[in-house]
Each structure stands twice: as structure tokens, then as C-alpha cells.
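# Close look at the chain arrangement
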Amino acid sequence: MIRRLLTVRMVLLILIGVCVFFLLKGMIKQETIVDGIALFFLLIVGFVIYLLMVSNDIEVFKESRNLLSFVPTVIGGFVILCNWGFNKAHTNRLDSPTLLKGAYNADLGSLFLDFKQNGECIMLSAGILSDSYEYGTYDINDSIITIHALSGNNFICNKLLIRSQNQSSKDGSNAGNSNKGYLMCIDNKGNEVKNGFHFNLFEDNRK
């Protein structure tokens, strides 16, 4: 009976681990309030099940003195460790050193461009109920940034000009006060893109 119950708990923990993995994988591109609630619920349930498994394994070991009694604990720990490592890798990706970071504020959300020192570009579209991420690479030549292979189709230009003074966006919205300058969308000839975004810079780590 105990073994059968232990097997059921282990299967449930593995299933929860798989659900958490795919939820975390989906949140790399889009995060919603529902995702956060679901993740919290799964983590709580999974943690309780794992504690029960550990407690049962200890009781079984006391009776059998066989280290194989901790196999469910090891398997459960491996599932937890895999999900933790996956989430940690994504967090490190987002928190890697920034070269330039700019923001554009609209009425219902904000758009952030984060140019990492490793050559990766991350665009965050932050809304009221959800955040979406797009990833790509970029090159910077003097004051011109060229964006490559940005996933998704929400960005209207792939070239940005770094300006050394503040300017509000054309529709009257303001990305926030900054004395670090702004990024302006330009075409291949270097002309400003009509109705293009202006991103106020709030982080500039160029030397």
C-alpha cells in the first residue's frame, strides 16, 4: 500500500514537473497573470508532494535499511533541479550586463529595448495584464544600431540612431525623463522613420 501510494506521488510529481517546465518555457516569450497564478499553485502542490515523498522514504529506510528507498526522493529532486536550472538560465539571460537600455511609454503599456554586452537584444512589451518578450541580435557601429533576427513582428524598424538629447515621442507620450539621450528609428538611408518610436535611454554603459 505504501509503495503504491509512493508510486502515485512520484508520478504526480513528475507530471507537475513537466507542467512547470512547459509553463516556464512559455513564459520566456510571454508572461500573464494567469501564468503566475498557475506556476505558484503547481510549485506549492509539487513541494508538498515532495516533502511527503521524502518523509515516506525515510520511514521505509528505517525499516529496510536499504538506500534504494530514497530512489523516489532522488528522482523528485532531479525534476526540481532541472526546472530550477532552466529558470535560472533564463534569469541569467535577462540579467546579463547591459550596454544600452531604452524605454517607450504608451497609454496602455511600455516598450523596452535592452541591448546586452554579449550582442543579444531583448525587447519587452509590458502591458497591464501580460508581458511579452522578443529576442534577437544586434550590431553597433558608431551611433547606429542594427538589429538582426528579432523574433516576432512587432518592431517596425531594424536600425536605430543614438541621439545625445531627450525627445518625447511624436504622439505626445513620454518615456520618462532622462539625460542620457534617446534612440530614434531610421531607414537604410539614415532618414528618420515616419511615426517611428523614440526610446528614451535610461542606461548607457558605453565607454
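Anything mentioned here points back to the structure above.
What comes next concerns the included structure. (Residues numbered from 1 in each chain as written. Predicted model: local features only at pLDDT ≥ 70, side-chain atom pairs only at ≥ 80, totals over all residues. Heavy atoms only, no water.)

## Structural notes on the packing of helix α2 (residues 33-64) against helix α3 (residues 71-94)
One way to put it is that α2 packs onto α3 with a least axis distance of 9 Å and a crossing angle of 155 degrees. In terms of orientation, α2 and α3 fall into the roughly antiparallel class. Of the two elements, α2 crosses α3, and the hand of that crossing is left-handed. On α3, the residues touching Tyr50, Met53, Val54 and Asp57 of α2 are Pro72, Thr73, Gly76, Gly77 and Ile80. A per-class count over the contact of α2 with α3 returns five nonpolar, three polar and one charged. (Axes fitted to C-alpha atoms, helices over the stretch in contact; angles between N-to-C directions. Helix = DSSP H or I, 4+ residues; strand = E, 2+ residues; numbered from the N terminus. Parallel < 35°, antiparallel > 145°, perpendicular 65-115°, else oblique. Left-handed = near helix turned anticlockwise from the far one by under 90°. Contact = heavy atoms within 4.5 Å. Nonpolar A, V, L, I, M, F, W, Y, C, P; charged D, E, K, R; others polar.)

## Concerning the side chain of Glu120
For Glu120, the location among the structural elements is in strand β4 (residues 120-127). Among the polar contacts listed, one links the side chain of Glu120 to the side chain of Arg93, at a separation of 2.5 Å. Apart from the residues within four sequence positions on either side, Glu120 is in contact with Arg93, Asp114, Phe115, Tyr135, Gly136, Thr137 and Tyr138. (Polar contact = N/O pair within 3.5 Å; in protein donor to acceptor, adjacent residues only side chain to side chain.)

## Observations regarding a nonpolar patch on the surface
A grouping of Ile14, Val18, Phe22, Leu68, Val71 and Ile75 is seen on the molecular surface, where their side chains present a nonpolar patch of about 510 Å² in accessible area. Secondary-structure elements contributing two or more residues to the nonpolar patch are α1 (2-27) and α3. The dominant element in the nonpolar patch, judged by the number of residues it contributes, is α1, at three residues. Mapped onto the elements of the fold, Phe22 is located in helix α1. (Patch = residues over 30% accessible without salt bridge, like charges linked within 9 Å, V, L, I, M, F, W, Y side chains within 5 Å. Areas by Shrake-Rupley, 256 points an atom, 1.4 Å probe, with all protein chains shown as cover. Salt bridge = Lys/Arg side-chain N within 4 Å of Asp/Glu carboxyl O.)

## Details of unusual backbone geometry
Trans is the prevailing form of peptide bonds, just as negative phi is the prevailing case for residues other than glycine. The backbone phi angle of Arg65 is positive, close to 55 degrees, even though this residue is not glycine. Structurally, the position occupied by Arg65 is in the loop between α2 and α3. With a phi close to 60 degrees, Asp142 is a non-glycine residue in the positive phi region. Along the polypeptide, Asp142 turns up in the loop between β5 (130-141) and β6 (144-148).

## Examining the pattern of salt bridges
With the rule as written, the count across this model stands at five salt bridges. In this structure, the salt-bridge partner of Lys101 is Asp114, at a minimum N-O distance of 3.7 Å. Placement of the pair is Lys101 in strand β2 (residues 98-105) and Asp114 in strand β3 (residues 109-116), with a sequence separation of 13 residues. Judged by its relative accessible area of 9%, Asp114 falls in the buried class. The residue Arg206 makes a salt bridge to Asp204 at a minimum N-O spacing of 2.8 Å. Given the relative accessible area of 23%, Asp204 is considered partly exposed. Look at the salt bridges and you will find they share partners, linking Lys101, Asp114, Lys116 and Glu203 into a network. (Buried < 20%, exposed > 50% of the residue type's maximum accessible area, 1.4 Å probe, protein only.)

## Some details on the nonpolar core
The biggest cluster of nonpolar side chains holds 19 residues, and the ones touching the most others in it are Phe115, Ile145, Leu160 and Leu183. Those elements that place two or more of their residues in this core are β2, β3, β4, β6, β7 (159-163), β8 (182-185) and β9 (198-204). With near-sequence residues (within four places) excluded, Leu183 lies in contact with Phe115, Ile145, Leu160, Leu161, Ile162, Phe197, His198, Phe199 and Leu201. One finds Met10, Ile16, Leu24 and Tyr50 within the second-largest nonpolar core, a separate group that totals twelve residues. (Core = buried A, V, L, I, M, F, W, Y, C linked by side-chain atoms within 4.5 Å.)

## Concerning the packing of aromatic side chains
According to the stated counting rule, one finds seven aromatic pairs in the structure shown. Between Phe21 and Phe86 the ring centres are 4.9 Å apart and the planes differ by 55 degrees, which places this aromatic pair in the tilted class. Of this pair, Phe21 sits in helix α1 while Phe86 sits in helix α3, and the two are 65 residues apart along the sequence. Among the residues examined, Phe21 registers a relative accessible area of 29% and is labelled partly exposed. The exposure class assigned to Phe86 is partly exposed, which follows from its relative accessible area of 24%. Where Phe115 meets Tyr138, the ring centres are 4.9 Å apart and the plane angle is 70 degrees; that geometry is what we call edge-to-face. A residue pair is termed long-range when its members are at least 10 positions apart, and Phe115 in strand β3 and Tyr138 in strand β5 qualify at 23 residues. Each member of the pair, Phe115 as well as Tyr138, is classed as buried. (Phe/Tyr/Trp six-rings, centres within 6.5 Å; stacked < 30°, edge-to-face > 60°.)

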